[in-house]
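Overview (structure and organization)
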Amino acid sequence: LRLIPTIIALPSAINGEEHLSSKCLTISSAIFSIRGSAPTICSIAAQAVAMVGMPEARIILAEAVTYLACAPKSNAAYLAIESAIADVRASKNGPIPPHLRDSHSGALRDKDIKDARKSDSYIYPHDLASGVAQQQYLPDALVGTEYYHPTTHGYEARVKTALEVIRKMLRGK
(Lines give C-alpha, C1' and ligand atoms only; values in the text may rest on other atoms or scores of the structure.)
Protein backbone atom coordinates (compact mmCIF):
# COMPACT_ATOMS: atom_id res chain seq x y z
CA LEU A 1 0.00 0.00 0.00
CA ARG A 2 1.49 3.27 -1.11
CA LEU A 3 -0.91 5.55 0.73
CA ILE A 4 1.50 6.94 3.34
CA PRO A 5 4.34 7.82 0.89
CA THR A 6 1.78 9.29 -1.52
CA ILE A 7 0.21 11.54 1.10
CA ILE A 8 3.66 12.64 2.34
CA ALA A 9 4.73 13.46 -1.23
CA LEU A 10 1.56 15.43 -1.96
CA PRO A 11 2.61 18.77 -0.37
CA SER A 12 5.82 18.97 -2.40
CA ALA A 13 3.93 17.95 -5.53
CA ILE A 14 1.37 20.69 -4.91
CA ASN A 15 4.13 23.29 -4.50
CA GLY A 16 5.92 22.26 -7.67
CA GLU A 17 3.08 21.21 -9.94
CA GLU A 18 0.22 23.46 -10.96
CA HIS A 19 -1.60 20.70 -12.82
CA LEU A 20 -1.46 17.87 -10.28
CA SER A 21 -5.16 17.11 -10.73
CA SER A 22 -4.71 16.56 -14.48
CA LYS A 23 -1.75 14.28 -13.75
CA CYS A 24 -3.98 12.28 -11.40
CA LEU A 25 -6.54 11.97 -14.19
CA THR A 26 -3.95 10.72 -16.68
CA ILE A 27 -2.51 8.25 -14.20
CA SER A 28 -5.95 7.03 -13.16
CA SER A 29 -6.85 6.17 -16.74
CA ALA A 30 -3.57 4.38 -17.39
CA ILE A 31 -3.20 2.14 -14.36
CA PHE A 32 -6.55 1.53 -12.75
CA SER A 33 -8.83 -1.37 -13.46
CA ILE A 34 -11.68 -1.04 -15.88
CA ARG A 35 -14.86 0.54 -14.56
CA GLY A 36 -13.03 1.76 -11.52
CA SER A 37 -14.09 5.19 -10.36
CA ALA A 38 -10.56 6.58 -10.47
CA PRO A 39 -10.92 8.58 -13.72
CA THR A 40 -14.27 9.97 -12.59
CA ILE A 41 -12.97 10.95 -9.16
CA CYS A 42 -9.90 12.59 -10.69
CA SER A 43 -11.97 14.42 -13.28
CA ILE A 44 -14.23 15.79 -10.55
CA ALA A 45 -11.14 16.69 -8.50
CA ALA A 46 -9.62 18.54 -11.48
CA GLN A 47 -12.82 20.54 -11.93
CA ALA A 48 -13.04 21.26 -8.21
CA VAL A 49 -9.40 22.38 -8.06
CA ALA A 50 -10.06 24.79 -10.94
CA MET A 51 -13.14 26.14 -9.19
CA VAL A 52 -11.78 26.33 -5.63
CA GLY A 53 -8.10 27.10 -6.19
CA MET A 54 -5.24 26.78 -3.74
CA PRO A 55 -4.74 26.40 -0.84
CA GLU A 56 -8.21 24.89 -0.27
CA ALA A 57 -7.85 22.54 -3.25
CA ARG A 58 -5.17 20.62 -1.38
CA ILE A 59 -7.96 18.84 0.52
CA ILE A 60 -9.61 17.77 -2.73
CA LEU A 61 -6.26 16.58 -4.09
CA ALA A 62 -5.53 14.65 -0.89
CA GLU A 63 -8.85 12.82 -1.24
CA ALA A 64 -8.21 12.01 -4.91
CA VAL A 65 -4.66 10.81 -4.22
CA THR A 66 -5.89 8.71 -1.28
CA TYR A 67 -8.49 7.10 -3.52
CA LEU A 68 -5.87 6.39 -6.20
CA ALA A 69 -3.48 4.85 -3.69
CA CYS A 70 -6.17 2.46 -2.41
CA ALA A 71 -7.91 1.59 -5.72
CA PRO A 72 -7.33 -1.75 -7.51
CA LYS A 73 -4.56 -1.41 -10.09
CA SER A 74 -4.41 -2.70 -13.65
CA ASN A 75 -2.74 -1.56 -16.82
CA ALA A 76 -4.43 -4.22 -18.97
CA ALA A 77 -6.32 -1.69 -21.13
CA TYR A 78 -3.14 0.36 -21.58
CA LEU A 79 -1.17 -2.74 -22.61
CA ALA A 80 -3.94 -3.74 -25.03
CA ILE A 81 -3.98 -0.43 -26.88
CA GLU A 82 -0.17 -0.29 -26.97
CA SER A 83 -0.06 -3.80 -28.46
CA ALA A 84 -2.70 -2.94 -31.07
CA ILE A 85 -0.85 0.26 -32.01
CA ALA A 86 2.40 -1.73 -32.35
CA ASP A 87 0.68 -4.16 -34.74
CA VAL A 88 -0.70 -1.30 -36.84
CA ARG A 89 2.70 0.41 -36.96
CA ALA A 90 4.32 -2.88 -37.99
CA SER A 91 1.72 -3.19 -40.78
CA LYS A 92 0.38 -6.43 -39.31
CA ASN A 93 -3.19 -5.24 -39.49
CA GLY A 94 -4.36 -5.63 -43.11
CA PRO A 95 -7.69 -4.46 -44.49
CA ILE A 96 -10.77 -4.19 -42.30
CA PRO A 97 -13.26 -7.01 -43.01
CA PRO A 98 -15.76 -5.82 -45.67
CA HIS A 99 -18.86 -6.23 -43.47
CA LEU A 100 -17.42 -3.71 -41.00
CA ARG A 101 -16.67 -1.02 -43.57
CA ASP A 102 -18.89 1.95 -44.19
CA SER A 103 -20.74 1.21 -47.40
CA HIS A 104 -20.48 4.88 -48.39
CA SER A 105 -16.72 5.11 -47.97
CA GLY A 106 -14.17 5.06 -50.74
CA ALA A 107 -12.87 1.75 -49.41
CA LEU A 108 -15.79 -0.02 -51.08
CA ARG A 109 -15.21 1.30 -54.60
CA ASP A 110 -13.57 -1.98 -55.54
CA LYS A 111 -16.26 -4.30 -57.01
CA ASP A 112 -14.82 -7.42 -55.34
CA ILE A 113 -14.89 -5.75 -51.94
CA LYS A 114 -18.46 -4.56 -52.53
CA ASP A 115 -19.52 -8.08 -53.48
CA ALA A 116 -17.79 -9.52 -50.42
CA ARG A 117 -19.62 -7.05 -48.18
CA LYS A 118 -22.98 -8.04 -49.68
CA SER A 119 -22.32 -11.77 -49.29
CA ASP A 120 -20.89 -11.44 -45.77
CA SER A 121 -23.24 -8.90 -44.21
CA TYR A 122 -22.82 -7.49 -40.75
CA ILE A 123 -24.50 -9.33 -37.86
CA TYR A 124 -25.96 -6.94 -35.31
CA PRO A 125 -25.07 -8.42 -31.86
CA HIS A 126 -27.88 -6.52 -30.13
CA ASP A 127 -30.43 -8.60 -32.06
CA LEU A 128 -29.04 -11.89 -30.76
CA ALA A 129 -30.19 -13.52 -27.52
CA SER A 130 -26.58 -13.92 -26.38
CA GLY A 131 -25.55 -10.44 -27.50
CA VAL A 132 -22.49 -12.06 -29.10
CA ALA A 133 -22.11 -12.37 -32.87
CA GLN A 134 -19.81 -14.98 -34.38
CA GLN A 135 -18.30 -12.82 -37.06
CA GLN A 136 -14.84 -11.65 -37.93
CA TYR A 137 -13.88 -8.30 -36.46
CA LEU A 138 -10.12 -8.34 -37.02
CA PRO A 139 -8.31 -8.26 -40.36
CA ASP A 140 -7.34 -11.71 -41.70
CA ALA A 141 -3.74 -11.29 -40.57
CA LEU A 142 -4.82 -10.77 -36.96
CA VAL A 143 -7.56 -13.39 -36.58
CA GLY A 144 -7.06 -15.07 -33.21
CA THR A 145 -5.12 -12.16 -31.75
CA GLU A 146 -6.25 -11.15 -28.28
CA TYR A 147 -5.10 -7.75 -27.10
CA TYR A 148 -6.93 -7.33 -23.82
CA HIS A 149 -5.96 -9.60 -20.94
CA PRO A 150 -7.85 -8.45 -17.85
CA THR A 151 -6.46 -8.95 -14.37
CA THR A 152 -8.29 -10.29 -11.33
CA HIS A 153 -8.16 -6.92 -9.57
CA GLY A 154 -11.35 -5.09 -8.63
CA TYR A 155 -14.19 -4.97 -11.14
CA GLU A 156 -11.82 -6.21 -13.83
CA ALA A 157 -12.14 -9.71 -12.32
CA ARG A 158 -15.80 -9.70 -13.41
CA VAL A 159 -14.82 -8.45 -16.84
CA LYS A 160 -12.27 -11.27 -17.09
CA THR A 161 -14.92 -13.89 -16.29
CA ALA A 162 -17.39 -12.40 -18.78
CA LEU A 163 -14.71 -12.16 -21.47
CA GLU A 164 -13.76 -15.82 -20.97
CA VAL A 165 -17.42 -16.80 -21.54
CA ILE A 166 -17.62 -14.64 -24.67
CA ARG A 167 -14.37 -16.04 -26.08
CA LYS A 168 -15.63 -19.61 -25.51
CA MET A 169 -18.87 -18.74 -27.33
CA LEU A 170 -16.92 -17.31 -30.24
CA ARG A 171 -14.78 -20.43 -30.43
CA GLY A 172 -17.95 -22.57 -30.47
CA LYS A 173 -17.24 -24.24 -27.13
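In the block above lies the structure referred to throughout.
Below: a short report on this structure. These numbers were taken from a predicted model, which means no experiment stands behind them.

**What to know about the overall build of the chain**
- A count of helices and strands for the chain gives 7 helices and 0 strands.
- Evaluated residue by residue, the chain yields a buried proportion of 25% over its 173 residues.
- Across the chain, every contact between residues at least 6 apart in sequence was considered, and the portion connecting residues at least 24 apart equals 59%.
- Only carbon and sulfur atoms are counted for the fraction: they give 59% of the accessible area of the chain, which is about 11,600 Å².

**Describing the packing of helix α3 (residues 38-52) against helix α4 (residues 57-70)**
- Where α3 meets α4, the axes come as close as 9 Å, and the angle between the chain directions of the two elements is 170 degrees. The angle between α3 and α4 places the two elements in the roughly antiparallel class. Here α3 contributes A38, I41, C42, A45, A48, V49 and V52 to the contact with α4, which in turn contributes A57, I60, L61, A64, Y67 and L68.
- In terms of residue class, the contact of α3 with α4 is made up of 13 nonpolar, no polar and no charged.

**Considerations on the side chain of S74**
- Here S74 lies in the loop between α4 and α5 (76-89).
- Looking at S74, its side chain comes within polar contact range of the main-chain nitrogen of A76, at 3.1 Å.
- In this structure the side chain of S74 is engaged in a polar contact, spanning 2.5 Å, whose partner is the side chain of E156.

**Focus: the layout of surface pockets**
- In this structure, the largest pocket spans a volume of roughly 500 Å³.
- Q135, Y137, L138, T145 and L170 are, among the 16 residues lining the largest pocket, the residues nearest its centre.
- When the residues that make up the lining of the largest pocket are grouped by side-chain class, the tally is 8 nonpolar, 5 polar and 3 charged.

The rules behind each value
- Residues numbered from 1 in each chain as written.
- Predicted model: local features only at pLDDT ≥ 70, side-chain atom pairs only at ≥ 80, totals over all residues.
- Heavy atoms only, no water.
- Helix = DSSP H or I, 4+ residues; strand = E, 2+ residues; numbered from the N terminus.
- Buried < 20%, exposed > 50% of the residue type's maximum accessible area, 1.4 Å probe, protein only.
- Contact = heavy atoms within 4.5 Å.
- Areas by Shrake-Rupley, 256 points an atom, 1.4 Å probe, with all protein chains shown as cover.
- Axes fitted to C-alpha atoms, helices over the stretch in contact; angles between N-to-C directions.
- Parallel < 35°, antiparallel > 145°, perpendicular 65-115°, else oblique.
- Nonpolar A, V, L, I, M, F, W, Y, C, P; charged D, E, K, R; others polar.
- Polar contact = N/O pair within 3.5 Å; in protein donor to acceptor, adjacent residues only side chain to side chain.
- 1 Å grid on protein atoms, 1.4 Å probe; cavity = no way out; pocket = protein on both sides within 12 Å on 5 of 7 lines; lining within 4 Å.
- Points joined across faces, edges and corners; volume = space filled by probe spheres on them.

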